[in-house]
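What follows is the residue order along each chain.
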Amino acid sequence: MPSPEVVDAALLGLLGLLVGSFLNVVIHRLPKMMEQRWAAECAEFSRAGDAPAPEVPAERFNLLVPRSRCPHCGHQIRWFENIPAISYAVLRGRCHGCAAPISLRYPAVELICAALFAWCGWHWGLDWEALIWSGFAAALLTLACIDWDTTLLPDDITLPLLWAGLCAAGLGLIDTLLTSSLWGAVAGYLSLWLVYWAFKLVTGKEGMGYGDFKLFAALGAWLGWQALIPVILMASVIGAVVGIAIKVFGSLREGGYVPFGPFLALAGLTAMVFGASSILAVIGL
């Protein structure tokens with residue numbers, strides 16, 4: 001008979017596979033939804049007098065509709081072609097309609113999400129705390145992928161994540177005390193805000209976006225102010241190493257930007273799994 005920890009990990013891991021499949025939808029569609037919203041706001045703002053309103057797209061586009069389809073041939077993805085991880089293996093990573101390659105990131109996101117959920121089940125058991133931290137992990141995974149693709153950290157995720165951390169601490173649903181959570185959020189936001197303005201005053205350039213402030217504040221709300229220094233140190237070290245490697249191999253994106261959000265998210269997940277003190281030990285502090 002498997003132990004209760006194994007059963008809990010397996011059940012939450014299965015849930016993580018399903019959630020990971022939905023995260024792929026969010027990662028792909030949320031930035032496009034934001035672009036549509038910005039375009040509509042700009043059109044509304046620039047519309048003068050009695051000029052006609054901008055034309056509304058014929059097809060609704062959100063996280064639920066339309067159904068997923070191949071971007072190459074338009075083949076509509078059927079349910080048995082959308083089973084997390086399994087369908088990718090059965091289809092050998094290619095579209096059933098046109099045989100175009102499917103990005104490996106789709107099953108990777110599903111499997112990483114499953115692993116994070118399984119760890120939460122193993123560590124906390126099958127209860128509310130495990131589900132709450134699983135939600136934290138899913139949000140960070142989504143933000144990391146979106147920021148890597150677009151250099152955007154959507155308020156639609158960062159702000160609910162921040163408030164969820166404060167509420168979870170206030171209600172005693174996680175181990176982080178409310179005072180630690182509150183000051184973690186305050187210190188997380190203000191620290192990067194000050195760095196941003198210091199860098200801008202010295203160089204005249206923007207070194208990071210406001211989304212990074214909000215994400216760091218959210219990490220402070222969940223992990224407490226004590227975790228901020230280990231998290232920012234780990235994120236900075238990994239970001240510097242990856243940035244140098246990308247520059248050496250000549251694969252910097254247009255504009256030379258390396259988003260900082262994915263490294264903050266990775267450091268936050270590391271602090272969740274191993275504890276903030278272990279990060280300091282790894283980097284020799």
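See above for the structure.
A quick note: this is a predicted structure, and the numbers were derived from the prediction, not measured.

**Q** What's the story with the packing of aromatic side chains in this structure? I'm lost.
**A** To describe a pair of aromatic rings, one takes the distance between the centres and the angle between the planes. A full pass over the atoms with the stated rule returns eleven aromatic pairs. Between the aromatic rings of Tyr-189 and Phe-213, the centroid separation amounts to 5.5 Å while the plane-to-plane angle is 85°, which identifies the pairing as edge-to-face. Of this pair, Tyr-189 sits in helix 6 (residues 178-203) while Phe-213 is found in helix 7 (residues 210-223), placing the two residues 24 residues apart along the sequence. The exposure class assigned to Phe-213 is buried, which follows from its relative accessible area of 0%.

**Q** Help me understand the nonpolar core, please; the structure alone is not making it clear to me.
**A** Nonpolar side chains tend toward joint burial in soluble globular proteins. Trp-133, Leu-161, Val-231, Leu-264 and Met-272 are the most contacted members of the largest nonpolar core, which has 62 residues in total. At 13 residues, helix 4 (residues 128-150) tops the list of elements feeding residues into this core.

**Q** Can you walk me through the pattern of salt bridges in this structure?
**A** Counted by the stated rule, this structure contains five salt bridges. In this structure, Arg-78 and Glu-81 form a salt bridge, with 2.7 Å as the shortest nitrogen-oxygen distance. The partner of Glu-206 in a salt bridge is Lys-200, and the shortest N-O contact between them spans 3.5 Å. Under the relative-accessibility criterion, Glu-206 is labelled partly exposed at 48%. The partly exposed category is assigned to Lys-200, whose relative accessible area is 26%.

**Q** Quick question: what am I supposed to make of a nonpolar patch on the surface here?
**A** Residues Leu-182, Trp-183, Val-186, Leu-190, Trp-193, Leu-194, Trp-197, Leu-201, Val-202, Tyr-210 and Trp-225 make up a contiguous nonpolar surface patch of roughly 1,200 Å² in combined accessible area. The element contributing the most residues to the nonpolar patch is helix 6, with nine residues. Inspection of the secondary structure assignment puts Leu-194 in helix 6.

**Q** Explain unusual backbone geometry here, please?
**A** In terms of backbone geometry, most residues other than glycine have negative phi values and most peptide bonds are trans. Residues Val-65 and Pro-66 are joined by a peptide bond in cis, for which omega reads 0°. Tracing the backbone through its elements, the reader meets Pro-66 in the loop between helix 1 (4-46) and helix 2 (86-90). The backbone of Ala-85 sits at a positive phi, close to 65°, despite the residue not being glycine. A positive phi angle, close to 60°, is found at Thr-151, a residue other than glycine. Note on placement: Thr-151 falls in the loop between helix 4 and helix 5 (155-170).

**Q** I'm lost on the packing of helix 5 against helix 6 in this one. Help?
**A** If you want to describe how two helices pack, look at the angle between their axes and the distance between the axes. The contact between helix 5 and helix 6 brings their axes to 8 Å, and the two run at 160°. Taken together, the axes of helix 5 and helix 6 are roughly antiparallel relative to one another. In this structure, the crossing between helix 5 and helix 6 has a hand that is left-handed. Of helix 6, the residues touching helix 5 (which contributes Leu-162, Gly-165, Leu-166, Ala-169 and Gly-170) are Leu-178, Ser-181, Leu-182 and Ala-185. Per-class residue counts for the contact of helix 5 with helix 6 are six nonpolar, three polar and no charged.

**Q** I tried to follow the state of the cysteines on my own but got confused; where do I start?
**A** A covalent bond bridging the sulfur atoms of two cysteines is what the word disulfide describes. Enumeration over the complete set of coordinates arrives at zero disulfides. In this structure Cys-70 is not part of a disulfide, and its nearest cysteine sulfur, from Cys-95, lies 3.7 Å away. Overall, the relative accessible area of 7% leaves Cys-70 in the buried class.

**Q** Where do I start with the layout of surface pockets in this structure?
**A** One simple way to see leftover space: roll a probe sized like a water molecule over the atoms. Its volume calculated, the largest pocket comes out at about 960 Å³. What lines the largest pocket is a set of 37 residues, and nearest its centre among them are Ser-68, Arg-69, Ile-77, Asn-82 and Tyr-106. Among the elements that line the lining of the largest pocket, the one with the most residues is helix 1, at six residues. Looking at side-chain class alone, the lining of the largest pocket contains 21 nonpolar, ten polar and six charged residues.

**Q** I keep staring at the packing of helix 4 against helix 7 and nothing clicks. Help me out?
**A** Packing of helix 4 against helix 7 leaves a shortest axis separation of 12 Å and a crossing angle of 165°. Considered as vectors, helix 4 and helix 7 are oriented roughly antiparallel to each other. For helix 4 against helix 7, the interelement crossing comes out left-handed. Contact with helix 4, carried on its side by Ile-132, Trp-133, Phe-136, Leu-140, Leu-143 and Asp-147, involves Asp-212, Leu-215, Leu-219, Trp-222 and Leu-223 of helix 7 and no other residues of that element. Tallied by class, residues from the contact of helix 4 with helix 7 come to nine nonpolar, no polar and two charged.

**Q** It is not clear to me how helix 5 should be interpreted in this structure. Could you clarify?
**A** Given 3.6 residues per turn, any residue in an α-helix points the same way as the ones three and four places further on. For helix 5, which comprises 16 residues, the first-to-last C-alpha distance of 22 Å matches the rise-based estimate of 22 Å (1.5 Å per residue) to within 8%. Among all positions of helix 5, only Ile-157, Thr-158, Leu-161, Leu-162, Gly-165, Leu-166, Ala-168 and Ala-169 are buried. The buried residues of helix 5 occupy an angular sector of 165° when projected down its axis, which confines them to one face. Contacts made by the buried residues of helix 5 are with helix 1, helix 4, helix 6 and helix 7. Phi turns positive one or two residues past the end of helix 5, at Gly-172, with a value near 75°.

Procedures and definitions
Residues numbered from 1 in each chain as written. Predicted model: local features only at pLDDT ≥ 70, side-chain atom pairs only at ≥ 80, totals over all residues. Heavy atoms only, no water. Phe/Tyr/Trp six-rings, centres within 6.5 Å; stacked < 30°, edge-to-face > 60°. Helix = DSSP H or I, 4+ residues; strand = E, 2+ residues; numbered from the N terminus. Buried < 20%, exposed > 50% of the residue type's maximum accessible area, 1.4 Å probe, protein only. Core = buried A, V, L, I, M, F, W, Y, C linked by side-chain atoms within 4.5 Å. Salt bridge = Lys/Arg side-chain N within 4 Å of Asp/Glu carboxyl O. Patch = residues over 30% accessible without salt bridge, like charges linked within 9 Å, V, L, I, M, F, W, Y side chains within 5 Å. Areas by Shrake-Rupley, 256 points an atom, 1.4 Å probe, with all protein chains shown as cover. Axes fitted to C-alpha atoms, helices over the stretch in contact; angles between N-to-C directions. Parallel < 35°, antiparallel > 145°, perpendicular 65-115°, else oblique. Left-handed = near helix turned anticlockwise from the far one by under 90°. Contact = heavy atoms within 4.5 Å. Nonpolar A, V, L, I, M, F, W, Y, C, P; charged D, E, K, R; others polar. Disulfide = S-S within 2.5 Å. 1 Å grid on protein atoms, 1.4 Å probe; cavity = no way out; pocket = protein on both sides within 12 Å on 5 of 7 lines; lining within 4 Å. Points joined across faces, edges and corners; volume = space filled by probe spheres on them. Expected span 1.5 Å × (residues − 1). Arc of directions from axis to C-beta.

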